[in-house]
Amino acid sequence: MPIDAGGPAFSPAWKQGVTIRDWVAGQALSGLLADPTTDIPGMTHRRTAVECYRWADAMMAARPQEPE
């Protein structure tokens with residue numbers, strides 16, 4: 001099942017084209033890159049990006065669909 005990207009992450013006047021999913025993936029990437037000793041064998045730049053979006057998809061799927 002496709003993950004809903006969540007719509008714009010920021011005001012359209014500020015950042016166009018960035019979805020909540022993109023922002024969450026970027027945050028995952030920031031976390032990975034925050035530790036300069038991070039070394040994951042076989043992780044190319046592309047594979048790392050794909051994995052960050054997988055984390056973002058999991059976060060998006062866990063979001064409540066209705067306000068609590």
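Summarised in this report is the structure supplied together with it. (Residues numbered from 1 in each chain as written. Predicted model: local features only at pLDDT ≥ 70, side-chain atom pairs only at ≥ 80, totals over all residues. Heavy atoms only, no water.)

**A look at the side chain of Thr48**
Heads up, the condition is: Put simply, DSSP marks the helices as runs of H or I at least four residues long and the strands as runs of E at least two long, and each gets a number from the N terminus on. Any two residues whose heavy atoms approach within 4.5 Å at even a single point are treated as in contact.
Residue position: Thr48 is located in helix 2 (residues 45-62). Filtering out sequence-adjacent residues up to four positions away, Thr48 remains in contact with Leu29, Leu32 and Met43.

**Let's talk about the pattern of salt bridges**
To keep it simple, the criterion reads: Basic side-chain nitrogens of Lys or Arg form a salt bridge, by our definition, when they fall within 4 Å of a carboxyl oxygen of Asp or Glu. Only protein chains enter the accessibility calculation, which uses a 1.4 Å probe. A residue is then buried if its area is under 20% of the maximum for its type, exposed if over 50%, and partly exposed in between.
This model, assessed by the stated rule, comprises 3 salt bridges. The partner of Asp57 in a salt bridge is Arg21, with the nearest N and O atoms 2.4 Å apart. You can see Asp57 sitting in helix 2 and its partner Arg21 sitting in helix 1 (residues 20-33), a full 36 residues away along the chain. Note on Arg21: relative accessible area 23%, which makes it partly exposed. In this structure, Arg54 and Glu51 form a salt bridge, with 3.3 Å as the shortest nitrogen-oxygen distance. With Arg54 and Glu51 both in helix 2, this residue pair falls 3 residues apart, about one helical turn. Given a relative accessible area of 52%, Arg54 falls into the exposed group. You can call Glu51 buried: its relative accessible area is 17%. In the salt-bridge network here, residues are joined through shared partners; they are Arg47, Glu51 and Arg54.

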